[in-house]
Amino acid sequence: MAITATGPSSEIDLFSDEAVRDPYDRYRELRDAGPAVYLEKNQAWAVTRFQGVREVLRDWERFTSEKGVAMNEAMNAANIGSIVASDPPQHTKLRKVLSERLSPGAIGKLTDQISMQADELVASLVERENFDAVQDLAAFFPISVVADLIGLPDEGRAKLLDWGNAVFDGFGPDNPRTEAAMPKIGEMWAYVAEVATRDQLAPGSMGLAVYEAADRGEIDPESCIPLMGGYVAAGMDTTVNAIGTGVLLLAENPDQWRRLKSDASLIRSAGNEILRYDSPVQMFARTATDDQEIEGRQIPSGDRVLAVYGSANRDERKWESADVFDVARNPIDHLGLGFGVHRCAGAALARLEIEAIFASLVARVSEIRIEAEPVRQLNNTVRGLKSLPVSVAT
């Protein structure tokens with residue numbers, strides 16, 4: 001891609017190990033530099049302020065997903081026409097397949113079931129007193145819930161999170177993480193095509209609903225496998241990373257944990273604050289469809305635009321004391337689950353799972369202690385932990 005920068009530029013590489021491990025000072029530098037800053041190393045415009053990111057996500061006609069939302073051409077070519085790399089009317093048609101099943105009303109009917117599953121898991125871990133808040137809690141719970149809802153066979157479930165992480169790595173630029181992810185992405189597509197087949201999906205499941213929509217002529221038959229792949233890949237990473245990060249934040253901020261313990265009505269607010277403060281999905285790319293403008297900054301037609309959710313959610317122009325974790329803030333308009341037509345389709349389910357886990361922890365645990373150095377997962381697109389050893393007191 002030709003360098004066409006007409007505004008401030010930066011040598012920051014948002015996909016370096018250092019930036020992925022600790023991006024927030026870099027985000028602040030980019031926000032202060034302007035509403036859109038050209039990243040020389042990434043060959044893309046970084047939009048990092050809340051209003052700008054919201055504008056990019058809202059206006060799909062100006063900032064299209066149809067040319068892909070990844071930072072490399074191979075991934076973009078492989079995803080053209082998929083639910084993530086399409087705009088209305090194609091995106092609307094694909095999203096409609098499961099819109100009723102993933103609506104807040106439909107997900108609300110699962111509240112008792114998911115709350116019971118969450119409480120059973122938390123109770124078993126609390127009894128142990130020491131456990132890994134990522135491997136034993138955050139990763140275990142959403143994988144079982146989502147796999148059951150999609151109706152996946154038992155075979156392959158153990159690899160779901162690894163495949164999902166690989167897909168999100170694949171949205172990065174041509175770097176070692178992207179290269180290492182490609183074989184795993186291939187494994188996932190083989191699983192969807194050869195194992196999670198129509199005849200292996202559970203009756204009444206969301207996965208089977210995809211094929212039934214094709215039977216009714218609502219979507220093209222060739223859209224079934226890409227749709228299934230999208231749900232398998234994206235169905236759990238947001239929730240896994242939000243739960244793991246939330247446990248870390250509440251352990252590191254005991255005053256906030258005590259506040260939550262004293263007022264359980266703040267659990268929904270706390271969930272929103274976790275998603276704002278350390279967003280599970282940090283960024284996605286778009287392409288300018290014509291010469292565009294973000295808060296007066298010109299972006300040339302055809303240039304790649306990086307909407308940085310993680311930075312927007314820390315924008316001091318939007319949030320007072322943006323770098324403070326406050327469970328009572330209730331930032332209901334955060335961008336942690338996206339915005340506009342591409343907002344996370346499973347947002348209601350993610351919120352329900354997050355709230356169910358923390359409601360059970362609040363009810364059963366008096367104190368959370370970190371017992372060893374947390375291990376951060378380095379990923380091109382999502383932010384979270386690989387391991388978080390903790391102990392709890394009751």
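In the block above lies the structure referred to throughout.
For the structure given in this document, a descriptive report is provided here.

By the criterion of burial, strand β9 (residues 304-308) is predominantly enclosed, with 5 of the 5 residues buried. Across 3 bridges, the pairing between strand β3 (residues 44-47) and β9 is parallel. Residue V47 lies in a different strand from β9, and its bridge partner there is A307. The pairing of strand β6 (residues 283-288) with β9 spans 5 bridges and is classified as antiparallel. Its bridge partner being in β9, F284 is matched across the sheet by A307.

Across all of its chains, the model carries 9 aromatic pairs by this definition. Measuring from ring centre to ring centre gives 6.3 Å for F284 and Y309, while their planes differ by 70°; the resulting arrangement is edge-to-face. Highlighted residues: F284 in strand β6 and Y309 in helix α17 (residues 309-312), separated in sequence by 25 residues. The structure contains a cluster of three or more aromatic residues connected by ring pairs, namely F168, F171, F284 and Y309. A cation over a ring is seen here: R314 above Y24, with NZ or CZ 3.9 Å from the ring centre. Stacked on the ring of W319, the Lys or Arg K318 has its end atom at 5.0 Å from the ring centre.

Here we take up the side chain of Q256. One can find Q256 in helix α15 (residues 254-262). Reaching out from Q256, the side chain makes a polar contact with the side chain of D255 at a distance of 3.3 Å. With near-sequence residues (within four places) excluded, Q256 lies in contact with L250, F325, D326 and V327.

This part is about the pairing of β6. Within β6, 6 of the 6 residues are buried, which leaves it mostly tucked inside the rest of the structure. Residues M283, A285 and T287 of β6 are buried on one face, and the alternating residues F284, R286 and A288, pointing to the opposite face, are buried as well. When strand β4 (residues 63-64) meets β6, the two strands line up antiparallel, connected through 2 bridges. Each residue of the ladder has a partner; that of F63, found in β6, is A288.

Here is what the cut-offs are and how they apply
Residues numbered from 1 in each chain as written. Predicted model: local features only at pLDDT ≥ 70, side-chain atom pairs only at ≥ 80, totals over all residues. Heavy atoms only, no water. Buried < 20%, exposed > 50% of the residue type's maximum accessible area, 1.4 Å probe, protein only. Helix = DSSP H or I, 4+ residues; strand = E, 2+ residues; numbered from the N terminus. Pairing = 2+ DSSP bridges. Phe/Tyr/Trp six-rings, centres within 6.5 Å; stacked < 30°, edge-to-face > 60°. Lys NZ or Arg CZ within 6 Å of the ring centre and 35° of its normal. Polar contact = N/O pair within 3.5 Å; in protein donor to acceptor, adjacent residues only side chain to side chain. Contact = heavy atoms within 4.5 Å.

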